[in-house]
Amino acid sequence: MNLRDKIVEKASLLFFHNGVKSMTMSDIANELGISKRTLYEVFRDKEELLEACISARMSKADEEMRALANNSEDVIDTMMHVYAQQMNEMRNLNRSVLHDLKKYYSHIFKKMECKQKEDIHYLLPLLNKGVQQGLIRPDVNFDIILWLVRSQFKAMMDDDYLPMDKYSTREFVQAIILSFIRGIATSAGNEKVDMIMENLKKKEDGREEE
């Protein structure tokens, strides 16, 4: 791994766990064990580094989505793995990150929103495949459903819109994805949802006991 990639990897962890505004270039250099001068030789400023971190995160998400689609046995299995992935992402994300991006780096925030719109439409061929497998209902207007899901996730990025003091981000994501999948699945599809949810719960309980 070259120096640039090492910086992006470490800075991403620091930004997403601690928030963007609170992290300085000095903090990042110290965590990496390099001089601030070396850091500035690779990245012009904090904004350029942050943009590289967001781009790397989105690229990694694309790779994981393709891997899930290729390795999962059916559509329900794929979507539920995506659900588990989203849960893990939200668990490790400092809530202030979205606020900081929206307030101080609006152009990066807008890029994330555009990417989210693209990602949600990657589900269309997957949903059509689910209809052929008898796991997804054929009477669903997928364009409308995907628009609704995208709107819900967009609302999650607005601190003033959702009662975040009452429910966690994880709870919102769970409600959105489960209502989405259960609403479009056939009875056979929902049986698989229940089975996968039970397995995920067991894994969660096992991690909590460790």
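Our subject is the structure listed above.
Residues numbered from 1 in each chain as written. Predicted model: local features only at pLDDT ≥ 70, side-chain atom pairs only at ≥ 80, totals over all residues. Heavy atoms only, no water.

Topic: the pattern of salt bridges
A side chain with one charge may pair with a side chain of the opposite charge, provided their charged atoms come close.
Then step 1. If you walk through the whole model with that rule in mind, you get 8 salt bridges.
Then step 2. Glutamate 31 is the partner of lysine 10 in a salt bridge, and the nearest nitrogen-oxygen pair spans 4.0 Å. Taken together, the positions of lysine 10 in helix H1 (residues 3–18) and glutamate 31 in helix H2 (residues 25–32) put the pair 21 residues apart, joining distant regions of the chain.
Then step 3. Assessed through its relative accessible area of 27%, lysine 10 is described here as partly exposed.
Then step 4. Residues joined by salt bridges that share partners form a network here, namely Arg44, Asp45 and Glu48. (Salt bridge = Lys/Arg side-chain N within 4 Å of Asp/Glu carboxyl O. Helix = DSSP H or I, 4+ residues; strand = E, 2+ residues; numbered from the N terminus. Buried < 20%, exposed > 50% of the residue type's maximum accessible area, 1.4 Å probe, protein only.)

A few points about the environment of glutamate 47
Then step 1. Its location among the elements puts glutamate 47 in helix H4 (residues 46–71).
Then step 2. Here the alpha-carbon distance between glutamate 47 and isoleucine 108, two residues 61 residues apart in the chain, equals 9.1 Å.
Then step 3. Apart from the residues within four sequence positions on either side, glutamate 47 is in contact with Tyr105, His107 and Ile108. (Contact = heavy atoms within 4.5 Å.)

Digging into the packing of aromatic side chains
Then step 1. Under the definition given, this model contains 0 aromatic pairs.
Then step 2. Over the ring of phenylalanine 16 we find arginine 57; its NZ or CZ atom is 4.0 Å from the centre of that ring. (Phe/Tyr/Trp six-rings, centres within 6.5 Å; stacked < 30°, edge-to-face > 60°. Lys NZ or Arg CZ within 6 Å of the ring centre and 35° of its normal.)

Some details on the nonpolar core
Then step 1. Formed by 26 residues in total, the largest nonpolar core has its most connected members in Phe15, Ile28, Leu49, Leu50, Ile54 and Leu101.
Then step 2. Every element with two or more residues in this core is listed here: H1, H2, H4, helix H6 (96–104) and helix H7 (106–121).
Then step 3. With residues near it in sequence (within four places) discarded, isoleucine 54 still touches Phe16, Leu101, Ile108 and Met112.
Then step 4. In this structure, Val75, Ile76, Met79 and Leu178 belong to the second largest nonpolar core, which totals 24 residues. (Core = buried A, V, L, I, M, F, W, Y, C linked by side-chain atoms within 4.5 Å.)

A closer look at H2
Then step 1. Within the sequence span of H2, burial applies to Met25, Ile28 and Ala29. Considered in projection along H2, the buried side chains sweep an arc of 100 degrees and stay on one side of the axis.
Then step 2. Immediately downstream of H2, the backbone of glycine 33 shows phi near 75 degrees, a positive value. (Arc of directions from axis to C-beta.)

Brief notes about the side chain of lysine 192
Then step 1. Take lysine 192: it is sitting in helix H11 (residues 187–209).
Then step 2. Classification of lysine 192 as buried rests on a relative accessible area of 17%.
Then step 3. Not counting residues up to four positions away in its chain, the partners in contact with lysine 192 are Glu73, Asp74, Ile76 and Leu135.

Notes on the side chain of aspartate 100
Then step 1. By the element assignment, aspartate 100 lies in helix H6.
Then step 2. One buried charged residue, aspartate 100, forms no salt bridge at all, with the nearest opposite charge on lysine 46 at 7.1 Å.
Then step 3. Among the polar contacts listed, one links the side chain of aspartate 100 to the backbone nitrogen of valine 20, at a separation of 3.0 Å.
Then step 4. Aside from chain neighbours lying at most four places away, what touches aspartate 100 is Gly19, Val20, Lys21 and Tyr105. (Lys, Arg positive; Asp, Glu negative; His and termini not counted. Polar contact = N/O pair within 3.5 Å; in protein donor to acceptor, adjacent residues only side chain to side chain.)

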